[in-house]
Amino acid sequence: MDKLSEIMAAKRHSLRNQIRPVRDQELERLGRMQTQGGSFLKALAKKDRLSVIAEIKRKSPSAGEIASATLDAVEQAREYINAEADCLSVLTDTDYFGGTLKDLWDVVEFLECHGRKTPCLRKDFMVHPVQVAEAAEAGARCILIIVRALADDEIKALRDAAGIAGLDALYEIHEERELEKALKFDPKIIGVNNRDLKRFKTDLATSELLIPQIPDHIIKVSESGIFDLEDAERASACGADAILVGEALMKSENPEELIEAFHNA
Ligand SMILES: O=P(O)(O)OC[C@@H](O)[C@@H](O)c1c[nH]c2ccccc12
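Note that this is a predicted model, so its numbers are computed, not measured. The numbering scheme is per chain: residues are counted from 1 as the chain's sequence reads. Totals for whole chains, interfaces and linings use every residue, but because this is a predicted model, local features are given only for residues with pLDDT of at least 70 and side-chain atom pairs only at 80 or more, for both listing and counting. Just so you know, side-chain values use all the structure's heavy atoms and leave hydrogens and water out.

**Here's the deal with the sheet that holds strand β7 (residues 168-173)**
- DSSP bridges decide pairing: two strands pair if at least two such bridges lie between them. The secondary structure listing takes helices from DSSP runs of H or I that are at least 4 residues long and strands from runs of E that are at least 2 residues long, numbered from the N terminus. Pairing within the closed barrel is parallel, and its 8 strands lie in the order β1-β4-β5-β6-β7-β8-β11-β12. Geometrically, the sheet is characterised by an average inter-axis angle of 25° between neighbouring strands, direction not taken into account.
- With 5 bridges connecting them, strand β8 (residues 189-193) and strand β11 (residues 219-223) associate as parallel partners. Each bridged residue has a counterpart across the sheet, and for V192 the counterpart in β11 is S222. Orientation is described by axes fitted as lines to C-alpha atoms, over the contacting stretch for helices, and by angles from 0 to 180 degrees between their N-to-C directions.

Now the structure itself:
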């Protein structure tokens, strides 16, 4: 079993007692409560520079410990905001990535207090609309749909729930056949994960292969393994509108400077 299958199985297991019907009225109500954050899609769609989704991630199965388990998500968000990151990605998976749903609540509250509209992605292994409701309630503006890990009916349920709650969806792919599968759901944003979750290797050639195949009207994100300006330039050169960066920013002494450099790639 590859790591992604293991994580998905663990996620399904840990959610088993929380699964309940999520009615449209509930999602609509949560959608109406969204007042502060801007649109995730619009924040990425700027054409004048490479957009940056800055991720808050304490650890990962591939990198091990990235930051202290006690790292304050809000302090990290503050640095990202100072550097004009276009969007934030907040890991809320605890077991494998050391994040919590509370991190997302705290970050959104911090943004609201400072009058910032920077939209947040709830980065987690979504399998059921109940997690979409949680994301909306916490104030996220986008959810993650990992195409290879989900059955068609699960993707549809997540997409529909996100749509009703007014959230965008980032469809993550890693292989050509996953692009075909993703396109069936009329995605607005597709992320190409450069990390091979079987071997844990990142290779920007994945973006170079897949991003040019994504239809023009879709926002394209290159995810994972982007460490320096050269990497960002490669992503930009193959047509990425945005990059999603975790480890490099978490470990950087000066994330502001790095984000600034990425913007100009
Ligand atoms: O830390 P990196 O190599 O910059 O990668 C960020 C992000 O792409 C990665 O965290 C990620 C991509 N897809 C995911 C799905 C779940 C959890 C995490 C991820």
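After that view, the rundown keeps rolling.
**Concerning helix α7 (residues 152-164)**
- Helix span, expected: 1.5 Å multiplied by one less than the number of residues in the helix. Along its 13 residues, α7 runs 18 Å from first to last C-alpha, staying within 8% of the 18 Å computed at 1.5 Å per residue.
- When accessible area is computed with a 1.4 Å probe and restricted to protein chains, residues below 20% of their type maximum are described as buried, those above 50% as exposed, and intermediate ones as partly exposed. Residues of α7 that are buried include every one of E154, I155, L158, A161 and A162, and no others. Each buried residue of α7 lies within a common arc of 135° when the element is viewed along its axis, so the set occupies one face. The outward face of α7, more than 90 degrees from its buried face, is lined by the exposed residues D153 and G163.
- By definition, residues are in contact when any of their heavy atoms lie within 4.5 Å. Residues of α7 that are buried sit in contact with α1 (3-15), α2 (24-33), α6 (129-138), β6 (142-146), β7 and α8 (176-183).
- Following α7 by one or two positions, G166 adopts a phi angle in the positive range, close to 75°. Within this analysis, the arc is defined by the directions that extend from the helix axis to the C-beta atoms.

**Brief notes about the site of the ligand**
- The immediate surroundings of the ligand are formed by 17 residues, with E55, E172, S224, G246 and E247 found nearest.
- Under the rule applied, a polar contact is a pair of N or O atoms within 3.5 Å (in protein, one hydrogen donor and one hydrogen acceptor; residues adjacent in sequence only if both atoms are side-chain atoms). Contact distances for the ligand include 2.7 Å between an oxygen atom and a backbone N or O atom of E247.
- Notes on the ligand: free accessible area 430 Å², of which the protein chains cover 97%.
- For cavity detection a 1 Å grid was placed over the protein atoms alone, and a set of points counts as a cavity when a 1.4 Å probe fits there but cannot get out; an open set counts as a pocket when protein lies on both sides within 12 Å along at least five of seven lines, with lining residues being those that have an atom within 4 Å of a point. Just a note on the criterion: a molecule sits in a pocket or cavity if more than half of its atoms are within 2 Å of the grid points. With respect to the detected pockets, the ligand is housed in the largest cavity.
- Ten residue types, Ala, Val, Leu, Ile, Met, Phe, Trp, Tyr, Cys and Pro, are classed as nonpolar, four, Asp, Glu, Lys and Arg, as charged, and the remainder, Gly among them, as polar. When the residues that make up the shell around the ligand are grouped by side-chain class, the tally is 6 nonpolar, 4 polar and 7 charged. We call a residue near a molecule or strand when any one of its heavy atoms sits within 4 Å of it. Here the Shrake-Rupley method, with its probe set to 1.4 Å, supplies the accessible areas, and only the displayed protein chains count as covering residues.

**Brief notes about the pairing of β11**
- Of all 5 residues making up β11, 5 are buried, and the element is well covered by its neighbours.
- Where burial is concerned, the two faces of β11 agree: the one with I219, V221 and E223 and the one with K220 and S222 are both buried.
- Note: β11 against strand β12 (residues 242-245), 3 bridges, orientation parallel. Along β12, the bridge assignment pairs S222 with I243.
- For the handedness criterion, the strands are oriented away from the viewer, and a crossover whose path from the first strand over the helix to the second runs clockwise is classed as right-handed. In terms of handedness, the path from β11 via helix α10 (residues 229-237) over to β12 forms a crossover that is right-handed.

**Things to note about the side chain of S207**
- Following the sequence through the fold, S207 ends up in helix α9 (residues 205-210).
- Residue classification places S207 among the buried residues on the basis of a relative accessible area of 0%.
- A distance of 2.7 Å separates the side chain of S207 from the side chain of N194, its partner in a polar contact.
- Discounting chain neighbours no more than four positions away, the residues touching S207 are V192, N194, P212, S222 and C238.

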